[in-house]
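Structure assessment
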Amino acid sequence: MNYFVLGVNHKTAPVQVRERFAIPESRLPEALGKLTSMDGIEEGMIVSTCNRVEIFARSQNGTCDLQQFVREYFGFQTGEFEPYIFQHEKLEAVKHVFRVASSLDSMVVGESQILGQVKEAYAIARAVGTVNSQLDQLLTRAFAVAKKVRSETTIASNSVSIASVAVDLAEKIFGSLQGKSVYLVGAGKMCELAARHLIAHGASKIYVGNRTFDRAVTLAQKFEGEAIPFERLYDTVPWADIVISSTGAPHAIFRKEHGEKFLHVRKNRPMFFIDIAVPRDIDPALNDLDGIFVYNIDDLQQVVQSHLGDRKKEAVRAEAMVEEEVRKFEARAQTAEVVPTIVSLQQHLETLRQAELDRVRGRLGTLTPEQEIAIETLTRGIINKIMHTPITALKASARDPEATTVIDVVRKLFNLRPQPVEKPPASSGGDAAAQKPAAQADSEAESPELARQTQK
Amino acid sequence: MPLLWLRVATVLYGVGLIHAMLMLRQRGERSGRIAAPAVGLGIVFHLVSLVETACLFGYAELVTIRQAESALALLIALIFTGMFLRYRTATPAALIFPLIFLLTFASAISHNPVGITRSSLYSGWILFHVSTLIFGYAMLFLSFVGSLLYLVLMRQLKRKQQPSWAARMPALQVVDEWGYKALLLGFPFMTIGLITGSVVAEEKFGAGFISDPKVVLSLLMWAVYLTLLYTRWSAGWRGRKAAYLASVGFVVAVCAWGANYLSKLHRFVAP
């Protein structure tokens, strides 16, 4: 449970500070190497994105000075960066990692990028070998929690940008956008962005109409679309299913009578008008026509706002889920500390029993099967009676912060080998039970016996 | 026994109906878990009831009004299930289940079935007439549901506010396609059904059958059907106009169906 987190993010530091912390991907391995070479730091990984630079670490002895790493690595003066950083340790650190991965700590709560970024950072740290046992478990769990939050809440299900809301609406009207055509009226930036989103969702044909024909041609080339002279606007607009308008015209260029004509030409097939011009290009009366749907910039913004509101509500549920997962993680980690000791205690006593049996067997002579069974039962019974109290104590201590003390005492009393909390045993040799890394101890599939042991 | 199965099916459809109503008020989360299995089971019992009827009394029994109502309900329930599995949306249930329930209910409580002379010379033709028309009715009803849904979706998109149940709805154009396909598919069946009916009636009753209320309403229904198709082909009518016309079609269809109880000729009692 000796996890630590230190970092800067969009909540604690402005961009001019964050950018000084940023570590490009190419330099991450080197930074990770430096991090884990620090005193007391066993494992570490670094997440560096535009909104956050965070160091996750695990120490052996329960303390680690991540601030010193920051000072040394970035060459900061004392007092220069402290006001901007945040630090968490132990359970708070676990919770923080879960929240980051679940996108609860993001600027736009519920956005999906952060999970990918954390996964990337994790992959790099794993490749370098600075994440290998307990930090590995923490991150694996964090990814599972993030998945659970995404699937069991609707935190990420609604779009929260103008362009993606426009795509959603288009899909609500047309179903799939496959094969749908888009008409850009005006060659502005917003037009281009919205068109890009629509194309990404399958829209195939792009028409561009602009007062300056050259600009229409340039934009059309970007999308392999067709530039159309502005004079032919009203004849050609009905070709398109989706019309995005953003001209600088001082008054509406599409009025109700145009809409009626378009619908007639299109045999009433629906049309979706997106008006991102201010002043508006499209007369709102167009929206009264059956089959024409007009959304202006405010309408889109309103959808965005209501979705953001929904996300906030869902975030409350998600936070509760994270709390619950942190509790589970804690319980599991403590059990995982206890299990190897229980197993090696059992193995140790079983070895003693076998050795003693072998020793006296010669003196006993030939035994009937009944006698064999009786001896087996007797010796096993004694061992179990002896083991009962220490195992009960160990299990009880799993729920206790003093687990390590009890483990140490039991190990000393029975002269068991030291517990392998370190790097997982890639090499062979040693006793099999003690070798089980903690990661496997809680997995029922891999060691049913252990799992049974941990149950009441 | 078939009647018992049918009554069990009615109760199960009732569960589906209650769930559909709760869903409209955004409260169907818990009832959803039992509604789908209940409706599935209802369909099975319903099928058993029809098959058993056919086995016990012969196919001719199926053309009584009671059994025809039952068969129409089953057909609509089956199509709805298909749509539910394909599109994962149960929203049309709010429109479809009242009818399914009503038809099965009416069929399940009628103690005095309008009988057919079992020895009728024309029973093969009549069976054909009834089954094609049942299919035609089902399709007409579905296209009516489609145009109503289209109207609801269109209003929402225009009002720019989406209630949460709308999020699970299929897209406007998908609903439009359903309605249109149902029209296209149903029309030939309805036409053939009416023609066979007329031929048989002419043979039996002579030219006078044409003035029977059932026949008049059926022809009117067919005309509305044709108009729906024509306006769709030529002008691409959708939305409000199409929904109004489809509503007229639905009302006429209900009247034509209900006329079974009024008509003297259409009781299939041999003169």
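Calculation notes
- Residues numbered from 1 in each chain as written.
- Chains lettered and ligands numbered in written order.
- Predicted model: local features only at pLDDT ≥ 70, side-chain atom pairs only at ≥ 80, totals over all residues.
- Helix = DSSP H or I, 4+ residues; strand = E, 2+ residues; numbered from the N terminus.
- Contact = placed C-beta atoms within 7 Å.
- Buried ≥ 20, exposed ≤ 12 C-beta atoms within 10 Å, placed from the backbone.
- Pairing = 2+ DSSP bridges.
- Nonpolar A, V, L, I, M, F, W, Y, C, P; charged D, E, K, R; others polar.
- Core = buried A, V, L, I, M, F, W, Y, C linked by C-beta atoms within 7 Å.
- pLDDT = per-residue confidence, 0-100.
- Axes fitted to C-alpha atoms, helices over the stretch in contact; angles between N-to-C directions.
- Expected span 1.5 Å × (residues − 1).
- Parallel < 35°, antiparallel > 145°, perpendicular 65-115°, else oblique.
- Left-handed = near helix turned anticlockwise from the far one by under 90°.

Below, the discussion takes up the overall build of chain B. Across its full length, chain B carries 8 helices and 0 strands. Sequence separation of 24 or more characterises 82% of the internal contacts of chain B that already satisfy a separation of 6 or more.

Looking only at helices and strands, chain A features 17 helices and 10 strands. Out of the 456 residues in chain A, the part that is buried amounts to 39%. Here the contacts in chain A between residues at least 6 apart in sequence split such that 69% fall between residues at least 24 apart.

Attention now goes to the pairing of strand S10 (residues 292-296) of chain A. Residues and elements named next belong to chain A. Burial analysis of S10 places 5 of its 5 residues in the buried class, which makes it a mostly covered element. A two-sided burial pattern is seen for S10, the buried positions comprising Ile292, Val294 and Asn296 on one face and Phe293 and Tyr295 on the other. As paired strands, strand S9 (residues 271-275) and S10 are joined by 5 bridges and run parallel to one another. Among the inter-strand pairings, Phe273 is bridged to a residue of S10, identified as Val294.

A few words on the environment of A:Pro390. Residues and elements named next belong to chain A. The residue Pro390 is located in helix H13 (residues 369-397) in this model. Using a count of 18 C-beta atoms within 10 Å as the deciding quantity, one classes Pro390 as partly exposed. Sequence separation between Pro390 and Leu345 is 45 residues, and the spatial gap between their C-alpha atoms is 9.1 Å. If near-sequence neighbours (up to four positions away) are discounted, Pro390 is found in contact with Leu345 and Val410.

Accessible area lost on assembly of the parts is the figure often given for the size of an interface. Taken together, the contacts link 15 residues of chain A with 14 residues of chain B. Counting residues per element, the ones that place at least two in the side of chain A that touches chain B are helix H7 (162-174) and S10 of chain A. Here the element with the most residues in the side of chain A that touches chain B is H7(A); it accounts for 4 residues. For the side of chain A that touches chain B, a count of residues per class yields 5 nonpolar, 4 polar and 6 charged.

Counting residues in hydrophobic clusters, the biggest one holds 128 residues, and the most contacted among them are A:Leu184, A:Ile244, A:Phe273 and B:Ile76. A per-element tally of this core places helix H5 (residues 123-159) of chain B first, with 19 residues. If near-sequence neighbours (up to four positions away) are discounted, A:Leu184 is found in contact with A:Cys191, A:Ala195, A:Ile206, A:Tyr207, A:Val208, A:Leu219 and A:Ile244. By size, the runner-up hydrophobic cluster in this structure holds 64 residues, among which are A:Leu35, A:Val131, A:Leu139 and A:Ala398.

In this section: the confidence of the model for chain A. When pLDDT drops low, the exact placement of atoms in the prediction is not to be read closely. Overall, the prediction assigns chain A a mean pLDDT of 84, with 90% of residues at 70 or greater. Below a pLDDT of 50 lies the segment residues 421-456 of chain A, which in the model reaches 49 contacts outside its immediate sequence neighbourhood of four places, other chains included.

A few words on the sheet that holds strand S3 (residues 52-59) of chain A. Residues and elements named next belong to chain A. Spatial strand order, S2-S3-S1-S4: 4 strands in an open sheet with antiparallel pairing. Edge positions in the open sheet fall to strand S2 (41-48) and strand S4 (86-89), since each of these has one partner strand only. Across the sheet, the mean angle from the axis of one strand to that of its neighbour is 15 degrees, orientation sign disregarded. Where S2 lies against S3, 7 bridges are found, and the strand directions are antiparallel. Looking across to S3, one finds that Ile46 is bridged to Ile55.

The next point concerns the sheet that holds strand S7 (residues 226-229) of chain A. Sheet strands line up and pair through hydrogen bonds in the backbone, either parallel or antiparallel. Residue and element names in this part refer to chain A. Here 6 strands make up an open sheet; going across it, the order is S7-S6-S5-S8-S9-S10 and the pairing parallel. Edge positions in the sheet fall to S7 and S10, since each of these pairs with one other strand and no more. Pairs of neighbouring strands in the sheet enclose a mean axial angle of 20 degrees, with direction left out of account. Where strand S6 (residues 205-210) and S7 come together, 4 bridges link them in parallel fashion. Each residue of the ladder has a partner; that of Gly209, found in S7, is Ile228.

With that settled, the discussion passes to unusual backbone geometry. Residues and elements named next belong to chain A. Of note, the bond from Val278 into Pro279 is cis; its omega dihedral lies within 30 degrees of zero at 0 degrees. For Pro279, the location among the structural elements is in the loop between S9 and S10. If you check the backbone angles, Lys90 has positive phi at about 50 degrees while not being a glycine. Relative to the assigned elements, Lys90 resides in the loop between S4 and helix H4 (91-101). In this structure Lys90 comes out as partly exposed when scored by C-beta crowding, with 13 C-beta atoms within 10 Å. The phi torsion at Ser103 lies on the positive side, around 65 degrees, for a residue other than glycine. In this structure, Ser103 sits in the loop between H4 and helix H5 (113-128).

Turning to helix H8 (residues 239-258) of chain B, a few remarks are in order. The first and last C-alpha atoms of H8(B) sit 28 Å apart over 20 residues, in line with the 28 Å expected at 1.5 Å per residue. Among all positions of H8(B), only B:Gly239, B:Ala242, B:Ala243, B:Ala246, B:Gly249, B:Phe250, B:Val252, B:Ala253, B:Ala256 and B:Trp257 are buried.

Residue and element names in this part refer to chain A. Structurally, the position occupied by Glu257 is in helix H11 (residues 256-265). By the C-beta count within 10 Å, which is 11 here, Glu257 ends up exposed. Sequence separation of Glu257 and Ala285 is 28 residues, and the distance between their C-alpha atoms is 9.7 Å.

All names here are of chain B. Close contact between helix H7 (residues 213-235) and H8 brings their axes to 9 Å; oriented N to C, the two are set at 160 degrees. With respect to each other, H7 and H8 are oriented roughly antiparallel. At the point where H7 passes H8, the crossing takes the left-handed sense. For the pair H7 and H8, the contacting residues are Lys214, Leu217, Ser218, Leu220, Met221, Val224, Tyr225, Thr227, Leu228 and Thr231 in the first and Leu245, Ala246, Val248, Gly249, Val252, Ala253, Cys255 and Ala256 in the second. A breakdown of the residues in the contact of H7 with H8 according to their chemical character gives 13 nonpolar, 4 polar and 1 charged.

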